Structures are given as structure tokens and as C-alpha cells.
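Now for the letters of each chain:
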Amino acid sequence: MPDDLRPDRFAMHFCSRRGFRQAYIREGAGGVPLLLVHGWPETKRIWWRNIAELAAAGFEVIVPDLRGFGDSEAGPDGFHDVPSHARDLYALVHDELGHERVVVCGGDLGGPVIQDLSLRYPGFVDRMVLFNSPLPYDKERMAGLRTRAPAEASDYFRRQGTDADALAAELATEGERRRYIATFYTSRFWAHPGAFSPEAVDFMTEPFADGAKLRASFGGYESVFNPAARSEPSAMATPNPTRCLVLFGPSDHVIYPDFDRMAEVVFPNRVGPFLLRDCGHFVQWEAAEVLNGAIVAFCGDLLATRSG
């Protein structure tokens, strides 16, 4: 089996600072702290092509499963919104692992989580790498931009956000749950065509065979529609002064068509946006070598200081 499809490729650890067991990978201890945050429908496995390479470059690579995903337990308070994830990650990286500052990288749900983290805990996020993720909306400055995904690509969003229990009940078997998740890697064209082999799709969908975990993963969508599903207000805002490298896989059929131009509004202190040819939503898998190299270049000064 290829290394990037082996579930046991990296040693797993657990943190219980927030009242539940949060699973995470930690490679390259002592390097520059780098937090990689997955989205939906992903787990820490989506970073399997990045961890070893970034650890070898000099990073301490920290890769969690968010609450309710993969090998992490669901949130004990029932919340699975962006602020809950951000507080969990601060507890992991700052309180458990003892880091005062960290570089963060994420897309999809991971994007709002790292944006919230950067503003909720001033000074904690040294810089961020962001791709293909939700952004705060600035009506005036984003006027004329294509700031909504095509309607035909958004049916899942509304269903998971407003009818989650019924949807979960329909997905009654492991096979049905995995086939549902597989569409996001294949027929829904989030990724560039052919980016995921059948074996890779199996690898990514396996953690979502658990019905309770799949249902918990819908919590982020419910928080968009239902205030009762929000633990507290999000700290996401525009402008965000955090130094940010912005990448965009334009083959993505679910994120905003003008994501790159929207990011220019949100992040005044940015490098990019850079568009990645033949790449879609899952940049860390589809363009792993490019992302790894971009992170190393963006953080070259930090790596030089640590190695010196």
C-alpha cells in the first residue's frame, strides 16, 4: 500500500484539555510549530502528503482531527461550530504542547477555523496559509464579485444545515454513508477531474462510515442556519491583519468563483493570491508538492532562525 494511503503511517496522540479526546499527529518536535487544519468532508488523512515533507523541512507539524471527525470524539457540549474548533486548537497547541506562536494552514472548514483563531487570540498566529475556504463577506468592497457558489452545487449545504437528522437517517448503512461522502471527491467536481483514485476515495471516506461521526460533522453547517447551534459568535472579520499566503485551486466547483479576489479584500497583509493550474478544492492533496514548497518559502525566515 502506498504511504499516502496507510492509516497507520504516523503515530497518533490524544489531548483531553477540552473534555473530549482529540486525536492529532505530531511530527518533527522542536521545529517551527505548524498547525494543519482539515475541512469537510475531510480528516487529518487529507494531509498525508504534507506531514513528512514539512517535518523534514524543519517544522513541528501538528495535525488534529477536529471534534467529531476521524479519531476525535464529538464535542461534549454538543457544539461543532467554528469557535468551538478554534478554542480546541488553542488548547491543543498552546496549553498542551506549550507553543506561544504558530503558523497555521487550512482550507474549507479549516479556513474559518484558522481565521477565527488568528483574531480570537491576538499574537498567537504568526502567519497563515489559506486556500479554497469560506471568507467573511464585505458587501461594499466585494460588490460585483461572484461571491456565491453555483446553486446546483449548494444543495448539500442547505440539506446538512437545515435537515441534518433526516439526512443522517437516510444514510443508514456504512456503505451509504461512504458513497455519499465519495461524491464530494468525485462526481460533485470539488477536485480537478482524476485527482483522487478509487483507492484514495476509499481512504478518505472510511472515517465517515461511523454514523455518529457523520452526523456530528454536519454541526458546522447547522451553525450557519441555527443560532442555537452556535457556541458563541465567530471572531472572523474583514479586514484580517494576519500575514497570509493565499492560494486558489480554480477547478473547484463549490467555493466562490472569485475566491481569490475576495481574499484580496479580507487580507491586506498578504502574499498572493496564486492560482494553481489543474487543482481544485483539496489543494493539500491535489497540489501537495506546490503547497509544501510554498509553506517552506513563506516561512523561510522562521526556519532559518530555528535552525540557527
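That block above? That's the structure.
Residues numbered from 1 in each chain as written. Predicted model: local features only at pLDDT ≥ 70, side-chain atom pairs only at ≥ 80, totals over all residues. Heavy atoms only, no water.

Asker: Lay out the overall build of the protein with the relevant residues and their values.
Answerer: Looking only at helices and strands, one finds 13 helices and 8 strands in the protein. Relative to a compact globule of 308 residues, whose C-alpha radius of gyration would be 19 Å, the protein shows 18 Å and is just as compact. Considering only C-alpha atoms, the protein reaches an extent of 55 × 45 × 40 Å along its principal axes. Here the protein holds 308 residues, and the buried ones make up 55% of them. In the protein, the proportion of contacts linking residues at least 24 apart, taken out of those at least 6 apart, comes to 78%. When the accessible surface of the protein is summed, it comes to about 12,500 Å², and 50% of that surface belongs to carbon and sulfur atoms. (Helix = DSSP H or I, 4+ residues; strand = E, 2+ residues; numbered from the N terminus. Rg over C-alpha atoms; globule rule 2.2 N^0.38 Å. Buried < 20%, exposed > 50% of the residue type's maximum accessible area, 1.4 Å probe, protein only. Contact = heavy atoms within 4.5 Å. Areas by Shrake-Rupley, 256 points an atom, 1.4 Å probe, with all protein chains shown as cover.)

Asker: Help me get a handle on the packing of helix H6 (residues 174–185) against helix H7 (residues 198–205), residues and values and all.
Answerer: Taken N-terminus to C-terminus, the directions of H6 and H7 make an angle of 125°; their axes are 9 Å apart at the nearest point. Classified by the angle between their axes, H6 and H7 sit oblique to one another. In this structure, the crossing between H6 and H7 has a hand that is right-handed. Contacts between H6 and H7 pair Arg178, Ile181, Ala182 and Tyr185 from the former with Val201, Asp202, Met204 and Thr205 from the latter. In the contact of H6 with H7, the residues fall into 5 nonpolar, 1 polar and 2 charged. (Axes fitted to C-alpha atoms, helices over the stretch in contact; angles between N-to-C directions. Parallel < 35°, antiparallel > 145°, perpendicular 65-115°, else oblique. Left-handed = near helix turned anticlockwise from the far one by under 90°. Nonpolar A, V, L, I, M, F, W, Y, C, P; charged D, E, K, R; others polar.)

Asker: Talk me through the pattern of salt bridges; I want residue IDs and the actual numbers.
Answerer: By the definition in use, this model includes 24 salt bridges. A salt bridge links Arg67 to Asp77; the shortest N-O distance between them is 2.8 Å. Taken together, the residues Arg67 in the loop between strand E4 (59–64) and helix H2 (82–96) and Asp77 in the loop between E4 and H2 connect sequence positions 10 residues apart. Between Asp126 and Arg127 there is a salt bridge; the shortest N-O distance is 2.7 Å. The two residues Asp126 and Arg127 agree in class, both being buried. It is possible to trace a salt-bridge network through shared partners that takes in Arg18, Arg67, Asp77 and Asp88. (Salt bridge = Lys/Arg side-chain N within 4 Å of Asp/Glu carboxyl O.)

Asker: Summarise the sheet that holds strand E5 (residues 102–107); cite the residues concerned and give the values.
Answerer: With mixed pairing, the 8 strands of this open sheet are ordered in space as E1-E2-E4-E3-E5-E6-E7-E8. A strand with exactly one partner marks an edge of an open sheet, and here the two such strands are strand E1 (12–15) and strand E8 (270–275). The average undirected angle you get between the axes of adjacent strands in this sheet is 20°. Docked against the sheet, helix H3 (residues 110–120) engages strand E3 (32–37), E5 and strand E6 (125–131), running at close to 160° with respect to E6. The sheet contacts of helix H12 (residues 288–298) involve E3, E4, E5, E6, strand E7 (244–248) and E8, and relative to E6 the element is tilted by about 155°. (Pairing = 2+ DSSP bridges.)

Asker: Residue-level account of unusual backbone geometry, with values.
Answerer: With an omega dihedral of 0°, the bond running from Trp40 to Pro41 counts as a cis peptide bond. Note that Pro41 resides in the loop between E3 and helix H1 (51–56). Omega for the bond connecting Gly272 with Pro273 falls within 30 degrees of zero, at 10°, which places this linkage in the cis form. For Pro273, the position within the fold is in strand E8.

Asker: Give me the lowdown on the pairing of E3, citing residues and values where you can.
Answerer: Burial of E3 is extensive: 6 of the 6 residues sit out of reach of the surface. Of the two faces of E3, the one holding Val32, Leu34 and Leu36 and the one holding Pro33, Leu35 and Val37 are both buried throughout. Of the pairings in the sheet, the one linking E3 to E4 comprises 4 bridges and is parallel in character. Looking at the pairing, Leu35 lines up with Ile62 of E4. Note that E3 and E5 share 4 bridges and pair parallel. Counted as the bridge partner of Leu34 is Val103 from E5.

Asker: Report on the packing of aromatic side chains, specifying residues and quantitative values.
Answerer: Tallied over the entire structure, the rule returns 24 aromatic pairs. Between Phe10 and Trp48 the ring centres are 5.1 Å apart and the planes differ by 85°, which places this aromatic pair in the edge-to-face class. Of this pair, Phe10 sits in the segment before E1 while Trp48 sits in the loop between E3 and H1; the two residues are 38 residues apart in sequence, bridging distant segments of the chain. For Trp48, a relative accessible area of 1% puts it in the buried group. Measuring from centroid to centroid gives 6.3 Å for Phe69 and Phe208, while their planes differ by 85°, and the two rings are edge-to-face. Remark: Phe208 occurs in the loop between H7 and helix H8 (211–217) and Phe69 occurs in the loop between E4 and H2; sequence separation between them is 139 residues. (Phe/Tyr/Trp six-rings, centres within 6.5 Å; stacked < 30°, edge-to-face > 60°.)

Asker: Account for the packing of H2 against H3, with residues named and values stated.
Answerer: Axis separation between H2 and H3 bottoms out at 9 Å; the angle between their running directions is 65°. Judged by the sense of rotation from one axis to the other, the crossing of H2 with H3 is right-handed. Along its contact with H2, which presents Val82, Pro83, His85, Ala86, Arg87, Leu89 and Tyr90, the element H3 presents Pro112, Val113, Asp116, Leu117 and Arg120. When grouped by side-chain class, the residues that make up the contact of H2 with H3 number 8 nonpolar, 1 polar and 3 charged.

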